[in-house]
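Secondary and tertiary structure notes
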There are 2 protein chains.
Amino acid sequence: MELDERKVTILKAIIRNYMDTGEPVGSRTISKYVDNKWSSATIRNEMSDLEEMGYIIQPHTSAGRIPSDKGYRFYVDQILQEKNNEVSEMQELMFRKVDRLESVLKKLAKLLANDTNYAALISGPKYHQNKLKFIQLSRVDRDKLLIVTVLEGNLIKNTIVNVAEEIDEEELLNLNILLNSNLNGLTVEEINLEVISRMKQQAGPHAGVVDLVLNQVAEVIRADAENLQIYTSGATNIFKYPELSDNQKASELLGTLEHTELLQKLVNGADDPENNTGIQVYIGEETPVQAMHDCSVITANYELGEGIRGTIGIIGPKRMDYEKVLKTLRTLMTQLDAAFKKEER
Amino acid sequence: MELDERKVTILKAIIRNYMDTGEPVGSRTISKYVDNKWSSATIRNEMSDLEEMGYIIQPHTSAGRIPSDKGYRFYVDQILQEKNNEVSEMQELMFRKVDRLESVLKKLAKLLANDTNYAALISGPKYHQNKLKFIQLSRVDRDKLLIVTVLEGNLIKNTIVNVAEEIDEEELLNLNILLNSNLNGLTVEEINLEVISRMKQQAGPHAGVVDLVLNQVAEVIRADAENLQIYTSGATNIFKYPELSDNQKASELLGTLEHTELLQKLVNGADDPENNTGIQVYIGEETPVQAMHDCSVITANYELGEGIRGTIGIIGPKRMDYEKVLKTLRTLMTQLDAAFKKEER
DNA sequence: ATTAGCACTCGATTGTGATGAGTGCTAACA
DNA sequence: TGTTAGCACTCATCACAATCGAGTGCTAAT
């Protein structure tokens, strides 16, 4: 059987209606929805076909129909095909002073959740493969050094280490120069044994400190790469959708949103190389996270400056307003990009 | 009427039973609970009295009794009176490397939530009234300075600012010395016009930079004091308690846990000067947060080093295991203190 | 090919009675 | 005088039946 134009119209009508109400939709409703262009009986016939083809489902014999995962998939694919060019204007971007990336991300998640009425999720950037831009050692106490590490893209990490030996200001200055001249522009991976031994040699009596510093830098960056920061917001929005807010499911879903390690799957999934738009739509069972099998999840990759990438995600009911979410995500990514470019300037 | 010993015993029995089951408890249950020391009929009489006195409530005519807020209050006060001296050993503290305070706090909240099976909340330290320990300016780009601010207690803040003028390394060094020699040991409040104008004078051509730096420092500290960081964990634990997990309430409660500004009330409340233990117990309507009127909330202040204070909180059903929670909080506070002292060493 | 009409299905809602845990009260008892 | 046994009463809860109505599938007419 073929999916002719009328079937498509009806399918879309079913999906749109269901998105609004969350209730199974019957033939008469659709008939009215299309201005009685066809009678309910006709619609019934078509619906029967659509069900046979797997696009819609009947929860029980005498209920209306609801879209199946396949139905949603069809709908979404249609939207995705639509031209990408309408990058609408968006509200004034609210992160004038990008002081700390983290707080921006949090705000962003909140904004997104409020805007869409779904749960939002945003992952901090992945640090590995990032270049070192600058290292600064300072003494904060007699036996304590502060290490400030600045990565490409102005991501900053601090660590405080205890040092056994005393180092005077001049030595510290020299160490700083040594570190920066040797390490600038290298990625963490590129700091190999050769580089290290050369630095140690140059450091003379304070080779131990060099070791300490390098270990600490490596550790900070690695630790951060491992337990990736993921911020969520608007988790309670799911209570707005009865089909998700049954206690058992809601509890699981909310629990999952608290567990970063589970969310990682979503974030990583977006790396699909075939997908050049950077946008992924998971419908129902397609979602790699168990607790979200009754939801749809949309993720989008963002990129700030050179190679600093992260992921934004929206989690909502299967009947989420795909059009709106996709649009919002697209504009947001553009905005984010622009904001950062501006900051970089 | 007086609250004699028997009444107290029965009241406690009712509360303990109710904490276990979450169901209203009847006279026979209590009779068995006290090894039939009194018959159910006697218990009934006493319960009738207790109800009249307002310590317990009958949800409906032919149900058992449940503790009222007043009942809980009595119970908790009893526990609080018990001697404070049993600081039990606790599991190995898991924050060997206190790299970033923030991540420690998050872990702590998670630990606490897991341990108690209630929702946990922890506020980051309040920065104001904190002394400046160290300031470091570094150039990261031609027109960008990195300002690292270290406060007493080794709390670190970074900011990047754009500067119009070019500053060479030597000038930067001088500025650093200038900043540190003038500002060390001062609180934010103490940096007044006099200090500022003196610094500007000394800075000569780069007075503008001094201004910029000071603004930025002030802003960072203020911004952080305003939207105080509050981390929550184990929010979904509330689904373990049927009396809270009705959809309407659960949604509100979880929503509230996402709104830092509402949680502030809890955190601030613990500042009650009369309360020298630093521990606050809110039962039911006593809670300053609307959505938690069906819960009990316990907050405890912690202190790290000099004047860096924050608050830990537990949110659970009114029938929460007060004894356990109080004990856990007390030990935790001790541990936290010890861990930080050790770090400081 | 479309549509009107009708019998049918089945979840949701409402109503009813049985069940049982728990109470209050009274009278008997120590 | 305090305690207890006994009994009538209350009321949430559960299972079951009756009813309702939205929505269907099928057939026959257009």
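In what follows, the accompanying structure is described. (Residues numbered from 1 in each chain as written. Chains lettered and ligands numbered in written order. Predicted model: local features only at pLDDT ≥ 70, side-chain atom pairs only at ≥ 80, totals over all residues.)

Turning our eyes to something else, we now look at the relation of the copies chain B and chain A. By a simple turn and slide, chain B fits onto chain A: the slide is 0.0 Å along the axis, the RMSD is 0.2 Å, and the turn is 179°. When the rotation and shift are considered jointly, the pair of chain copies conforms to a two-fold rotation axis. When C-alpha positions in chain B are compared against the rotation axis, the closest is assigned to N247 of chain B, at 3.6 Å. Of all interface residues in chain B, 100% are interface residues in chain A too; the two copies therefore contact each other through one and the same surface. (Least-squares fit on C-alpha atoms with pLDDT ≥ 70 in both. Contact = placed C-beta atoms within 7 Å.)

Residues and elements named next belong to chain B. One way to put it is that helix α1 (residues 5-21) packs onto helix α4 (residues 69-81) with a least axis distance of 11 Å and a crossing angle of 105°. Relative to α4, α1 is oriented roughly perpendicular. For the pair α1 and α4, contact is made by L11, K12 and I15 and by G71, Y72, F74 and Y75, respectively. In terms of residue class, the contact of α1 with α4 is built from five nonpolar, one polar and one charged. (Axes fitted to C-alpha atoms, helices over the stretch in contact; angles between N-to-C directions. Helix = DSSP H or I, 4+ residues; strand = E, 2+ residues; numbered from the N terminus. Parallel < 35°, antiparallel > 145°, perpendicular 65-115°, else oblique. Nonpolar A, V, L, I, M, F, W, Y, C, P; charged D, E, K, R; others polar.)

Below, the discussion takes up the protein's contact with DNA strand C. Residues in contact with DNA strand C amount to 20 residues; listed here are only the nearest, H60, T61 and S62 of chain A together with G26 and S27 of chain B. Elements supplying a minimum of two residues to the surface near DNA strand C: α3 (40-53) of chain A together with α2 (27-33) and α3 (40-53) of chain B. With four residues, α3 of chain B is the largest single contributor of residues to the surface near DNA strand C. Classifying every residue of the surface near DNA strand C gives five nonpolar, twelve polar and three charged. (Near = placed C-beta within 6 Å.)

By nearness alone, 20 residues border DNA strand D, and G26 and S27 of chain A together with T42, T61 and S62 of chain B come closest of all. Listing elements by their share of the surface near DNA strand D, those giving two or more residues are α2 (27-33) and α3 of chain A together with α3 of chain B. Examining the composition of the surface near DNA strand D, we find that four residues originate from one element, α3 of chain A, more than from any other. By residue class, the composition of the surface near DNA strand D is five nonpolar, twelve polar and three charged.

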